[in-house]
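These are the residues of each chain, in order.
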Amino acid sequence: MNERWMVSALCRTAHADDLFVEGAAQSQARALCTGCPVRSECLAHALDGRIEHGVWGGMTERERRALLRRRPLVRSWGRLLDAARREHEAAASRGKRDSA
């Protein structure tokens, strides 16, 4: 598994105890993910690896479990999220051209 994305994560300098929290403290941990350039890679890593604890890619373990239950047939979250990002960027690019 290619994990080069980790060097670009905004949380790479955070203390692990700040990311593996429960309850209300998860909101603070999730805030670290806001604006992270590798948020989708992080989330895909956690979903594909079925990581059970901590905040990954802006999602708590409860949110990830719910997502996995809703989409049990997804084999590669990395590919799915990458395709969604490319589609979103293409749509945004078309929108900019249309409004010009």
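Our subject is the structure that appears above.
Residues numbered from 1 in each chain as written. Predicted model: local features only at pLDDT ≥ 70, side-chain atom pairs only at ≥ 80, totals over all residues. Heavy atoms only, no water.

*Asks:* Can you help me understand the nonpolar core in this one?
*Replies:* In this structure, L43, A44, L47, M59, L67, L68, V74 and W77 together form the largest nonpolar core, which totals 8 residues. Sorting elements by how many residues they give to this core places helix α3 (residues 39-48) first, with 3 residues. Excluding its chain neighbours within four sequence positions, the residues that come into contact with W77 are A44, L47, D48, R50, L67, L68 and R71. Grouped together as the second largest cluster of nonpolar side chains are 7 residues, A9, C36, V38 and A46 included. (Core = buried A, V, L, I, M, F, W, Y, C linked by side-chain atoms within 4.5 Å. Buried < 20%, exposed > 50% of the residue type's maximum accessible area, 1.4 Å probe, protein only. Helix = DSSP H or I, 4+ residues; strand = E, 2+ residues; numbered from the N terminus. Contact = heavy atoms within 4.5 Å.)

*Asks:* What exactly am I supposed to notice about the packing of α3 against helix α5 (residues 77-99) here?
*Replies:* A packed helix pair is summarised by two numbers, namely the angle formed by the two axes and the spacing between the axes. Remark: α3 packs on α5, axes separated minimally by 8 Å, with the N-to-C direction vectors making an angle of 150°. Taken together, α3 and α5 sit at an angle that is classed as roughly antiparallel. When the axes of α3 and α5 are compared, the crossing they make is right-handed. Within the contact between the two elements, α3 uses S40, E41, L43, A44, L47 and D48 and α5 uses W77, G78, L81 and R85. Here the contact of α3 with α5 is composed, by residue class, of 5 nonpolar, 2 polar and 3 charged. (Axes fitted to C-alpha atoms, helices over the stretch in contact; angles between N-to-C directions. Parallel < 35°, antiparallel > 145°, perpendicular 65-115°, else oblique. Left-handed = near helix turned anticlockwise from the far one by under 90°. Nonpolar A, V, L, I, M, F, W, Y, C, P; charged D, E, K, R; others polar.)

*Asks:* Would you mind going over the packing of α3 against helix α4 (residues 61-70) with me for this structure?
*Replies:* Put simply, α3 and α4 touch, their axes get as near as 11 Å, and they point 70° apart. Here α3 lies roughly perpendicular to α4, going by the angle between them. The two elements α3 and α4 meet at a crossing, and its hand is right-handed. On α4, the residues that touch L43, A46 and L47 of α3 are R64, L67 and L68.

*Asks:* Would you take a moment to explain the pattern of salt bridges for this structure?
*Replies:* For side chains bearing opposite charge, pairing can occur when the charged atoms are close. Across all of its chains, the model carries 4 salt bridges by this definition. Two residues, E63 and R30, come together in a salt bridge whose shortest N-O distance is 3.0 Å. Remark: R30 occurs in helix α2 (residues 25-31) and E63 occurs in helix α4; sequence separation between them is 33 residues. Given the relative accessible area of 26%, E63 is considered partly exposed. One continuous salt-bridge network, built from bridges that share partners, spans E41, D82, R85 and R86. (Salt bridge = Lys/Arg side-chain N within 4 Å of Asp/Glu carboxyl O.)

*Asks:* How should I be thinking about the side chain of R64 in this particular structure?
*Replies:* Summarising the element assignment, R64 is placed in helix α4. We note that R64 is buried and unpaired, the nearest opposite charge coming from E61 at a distance of 4.7 Å. (Lys, Arg positive; Asp, Glu negative; His and termini not counted.)

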